[in-house]
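Next come the chains, spelled out residue by residue.
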Amino acid sequence: MPAVLRHNETLELNLVEYQGGVTLAELKALAAFMARNPEHLRRDTLTIIQPGGHFNAIALAELDGLFAYYAKLFAPLNLQIMRRAAWVCRSAAAEAHLHHWLSGDTRRQMSSTVRAFNTMAEAADWLLLSPAELALVERGQGFANVARFTAAAPAR
């Protein structure tokens, strides 16, 4: 399962996880899902790249095109409050792609404050989650599966 989107209503938090070799098709499928379901664009998000996760099949220039697509998705939303997106990368193989993605102007183009963190605790603190809420996130408790994206096709 290279990409999974989950949501916790109580925490008002999306959780995105990447595992294994993620392809551009999977990232585009996630973006297309967000375009069809823009309520997910409005929510704070914690993204975790799990150990062994990588984007080796994706050229950095292809990420630029995807970034531009997301900017178009966010443009009509007119968010009154900056959304937060925290990234925790547990895979050295994914770091270059993550740093490239975070080098874009997410504040202006996506109404988002985006940061990478070394630990879940740091990310949770920045997302204003309590220690008890962090424990829920770490266990995946209260998160409903929204969509799963694999090379074959997205599944709900």
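Because the structure is predicted, anything quoted here is derived from the model rather than measured.

Cut-offs applied
- Residues numbered from 1 in each chain as written.
- Predicted model: local features only at pLDDT ≥ 70, side-chain atom pairs only at ≥ 80, totals over all residues.
- Heavy atoms only, no water.
- Phe/Tyr/Trp six-rings, centres within 6.5 Å; stacked < 30°, edge-to-face > 60°.
- Helix = DSSP H or I, 4+ residues; strand = E, 2+ residues; numbered from the N terminus.
- Buried < 20%, exposed > 50% of the residue type's maximum accessible area, 1.4 Å probe, protein only.
- Expected span 1.5 Å × (residues − 1).
- Axes fitted to C-alpha atoms, helices over the stretch in contact; angles between N-to-C directions.
- Parallel < 35°, antiparallel > 145°, perpendicular 65-115°, else oblique.
- Left-handed = near helix turned anticlockwise from the far one by under 90°.
- Contact = heavy atoms within 4.5 Å.
- Pairing = 2+ DSSP bridges.

Asks: An account of the packing of aromatic side chains is needed here, citing residue identities and associated values.
Replies: In this structure the tally under the stated criterion is 6 aromatic pairs. Both rings, one in Tyr18 and one in Trp87, keep their centres 6.2 Å apart while their planes meet at 15 degrees; by these two values the pair is stacked. Residue Tyr18 is located in strand 2 (residues 13-18), and its partner Trp87 is located in strand 4 (residues 83-89); the two are separated by 69 residues in the primary sequence. Exposure class is identical for Tyr18 and Trp87. Each is buried. Where Phe67 meets Trp101, the ring centres are 5.2 Å apart and the plane angle is 70 degrees; that geometry is what we call edge-to-face. In this pair, Phe67 is assigned in helix 2 (residues 60-74) and Trp101 in helix 3 (residues 95-102), connecting sequence segments 34 residues apart. For Phe67, a relative accessible area of 10% gives the class buried. The exposure class of Trp101 is buried, given its relative accessible area of 14%. By the ring-pair criterion, three or more aromatic residues cluster together here, those being Tyr18, Phe55 and Trp87.

Asks: Report on helix 1 (residues 24-36), specifying residues and quantitative values.
Replies: Here helix 1 spans 18 Å end to end across 13 residues, near enough to the 18 Å set by a 1.5 Å rise per residue. Of the positions making up helix 1, those classed as buried are Leu24, Glu26, Leu27, Ala29, Leu30, Ala31, Phe33 and Met34.

Asks: Lay out the packing of helix 2 against helix 3 in plain terms, naming residues and giving numbers.
Replies: Orientation of helix 2 relative to helix 3, taken along the N-to-C sense of each, is 40 degrees, at an axis distance of 10 Å. Compared by their axis directions, helix 2 and helix 3 come out oblique. By crossing handedness, the relation of helix 2 to helix 3 is classed as right-handed. Across the interface between the two elements, Leu60, Leu63, Asp64, Leu66, Phe67 and Tyr70 from helix 2 touch Ala96, His97, His100 and Trp101 from helix 3.

Asks: Account for the pairing of strand 2, with residues named and values stated.
Replies: Burial analysis of strand 2 places 6 of its 6 residues in the buried class, which makes it a mostly covered element. Of the two faces of strand 2, the one holding Leu13, Leu15 and Glu17 and the one holding Asn14, Val16 and Tyr18 are both buried throughout. The pairing of strand 1 (residues 3-8) with strand 2 spans 6 bridges and is antiparallel. Looking across to strand 2, one finds that Ala3 is bridged to Tyr18. Here strand 1 folds back onto strand 2 in antiparallel fashion, the turn holding 4 residues, of which Glu12 has a positive phi close to 50 degrees.

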